[in-house]
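# Structural characterization, general
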Amino acid sequence: MEIYPAVDILDGRCVQLVQGRPEAATVYGEPAAWAHRWLDLGADGLHIVNLDGAFGRAQKNADLIRAFIKETSAFVELGGGIRSVEDAAGWLDTGVDRVILSTLSVRSPEVVRALADEFGSKRVMPGIDARGGEVMIEGWEQPAGSYLTWAERFEALGAGALLYTNVDVEGLQQGIAIEPVTDLLARARVPVVVSGGISAVGDVRALRDAGAAGAVLGSALYAGKVHLPEVLEAAHA
């Protein structure tokens, strides 16, 4: 299983949110410095989120993110503020390895097929942000149907991987909820990367044993509740 530390960027700074709320942001400093730190410690890749884009300010942080991508050969998956095929294609052309499509993939599912046809399935990752088994879009404000149904639909459209985020536990540093993960893994035929609540090495082992292809670590990693070397050891065992 691969480990992707999150580098969430808000107003040019690396932050971590609680339950996706910008007013609950903890600021950690310069994003590129954190990105290099995680890579130097052996991370399998980076999970970069342009939070300003997610909140409707799509161009903010774009130059900073592009500059980092050009200077590294590391695997980068990117989400936040991707509102069109053109937005996604621009990032893929810039050198992002995989784009994460959340609200866009639900509002306009045909975008998944269009991007998979043009860039290859492996570079297209719909985001499944779920609360109580229901996909949540528009900043986790609007329900949009069963997360399992959407997973199957995204696969049929050509998605090469899925990002599953359990909104119920995201950012709380209180551990994962394994049952919805195992339910999804039982249905999915493409790799699934899991995000939300990962706060201990035991969480990582549970996801690895369940068959997750990867995990995104955020708040607990920045807070020092878990340490990347031990997480990587558990994930790669």
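Below you will find a few notes about this structure. Not measured: the values here are computed from a predicted model. (Residues numbered from 1 in each chain as written. Predicted model: local features only at pLDDT ≥ 70, side-chain atom pairs only at ≥ 80, totals over all residues. Heavy atoms only, no water.)

## A closer look at the nonpolar core
By size, the foremost hydrophobic cluster in this structure holds 73 residues, and its most contacted members are Ile 3 and Leu 101. Ignoring anything within four residues of it in the chain, the contact list for Ile 3 reads Ala 43, Asp 44, Gly 45, Val 204, Ala 215, Leu 217, Leu 228, Val 231, Leu 232 and Ala 235. With 8 residues, the next largest nonpolar core counts Tyr 4, Ala 6, Met 125 and Val 193 among its residues. (Core = buried A, V, L, I, M, F, W, Y, C linked by side-chain atoms within 4.5 Å. Buried < 20%, exposed > 50% of the residue type's maximum accessible area, 1.4 Å probe, protein only. Contact = heavy atoms within 4.5 Å.)

## Digging into helix H8 (residues 178-187)
The complete set of buried residues in H8 reads Val 181, Leu 184 and Leu 185. The buried residues of H8 occupy an angular sector of 100 degrees when the element is viewed end-on, so they sit on one face. When the buried face of H8 is taken as reference, the exposed residues oriented beyond 90 degrees from it are Glu 179 and Ala 186. Next to the buried residues of H8 lie helix H7 (147-156), strand E10 (162-166), strand E11 (192-195) and helix H9 (201-210). (Helix = DSSP H or I, 4+ residues; strand = E, 2+ residues; numbered from the N terminus. Arc of directions from axis to C-beta.)

## As for unusual backbone geometry
With the exception of glycine, most residues fall at negative phi, and the peptide bonds are largely trans. You will see that Asp 11, though not glycine, has its phi angle at about 55 degrees, which is positive. Position of Asp 11 relative to the elements: it lies in the loop between strand E1 (2-10) and strand E2 (13-18). On the accessibility criterion, Asp 11 (41% relative accessible area) is partly exposed. We note that Gln 173 has phi near 60 degrees; this positive angle belongs to a residue other than glycine. Within the element layout of this structure, Gln 173 appears in the loop between E10 and H8.

## Observations regarding the side chain of Arg 98
In this fold, Arg 98 is placed in strand E6 (residues 98-101). Dropping the residues within four chain positions of it, Arg 98 is found in contact with Tyr 4, Phe 75, Val 76, Glu 77, Leu 78, Leu 92, Lys 122, Arg 123, Val 124, Met 125, Ala 161 and Val 193.

## Focus on the pattern of salt bridges
Counting across every chain of the model gives 6 salt bridges. The partner of Arg 98 in a salt bridge is Glu 77, with the nearest N and O atoms 2.6 Å apart. One end of the pair, Arg 98, is in strand E6; the other, Glu 77, is in strand E5 (residues 76-79), with 21 residues separating them in the sequence. In this structure, Glu 138 and Arg 107 form a salt bridge, with 3.1 Å as the shortest nitrogen-oxygen distance. With Glu 138 in the loop between strand E8 (134-137) and strand E9 (142-146) and Arg 107 in helix H5 (residues 103-107), this pair connects stretches of sequence that are 31 residues apart. (Salt bridge = Lys/Arg side-chain N within 4 Å of Asp/Glu carboxyl O.)

## Some details on the pairing of E11
The side-chain alternation of E11 yields two buried faces, one formed by Val 192 and Val 194 and the other by Val 193 and Ser 195. Summarising the sheet, E10 and E11 pair through 4 bridges and their orientation is parallel. Each residue of the ladder has a partner; that of Leu 163, found in E11, is Val 193. Following the chain from E10 across H8 to the adjacent parallel E11, one finds a crossover that is right-handed. Pairing geometry for E11 and strand E12 (residues 214-217), over 3 bridges, is parallel. Note on E12: the bridge partner recorded for Ser 195 is Val 216. Crossover connection from E11 via H9 to parallel E12: handedness right-handed. (Pairing = 2+ DSSP bridges. Right-handed = clockwise from strand over helix to strand, strands pointing away.)

## Section: the packing of H7 against H8
Where H7 contacts H8, the two axes come as close as 10 Å, and the packing angle between them is 30 degrees. Of the two possible hands of crossing, H7 and H8 adopt the one that is right-handed. Here Tyr 147, Leu 148, Ala 151, Glu 152 and Glu 155 of H7 come into contact with H8, specifically with Pro 180, Asp 183, Leu 184 and Arg 187. Looking at side-chain class alone, the contact of H7 with H8 contains 5 nonpolar, no polar and 4 charged residues. (Axes fitted to C-alpha atoms, helices over the stretch in contact; angles between N-to-C directions. Left-handed = near helix turned anticlockwise from the far one by under 90°. Nonpolar A, V, L, I, M, F, W, Y, C, P; charged D, E, K, R; others polar.)

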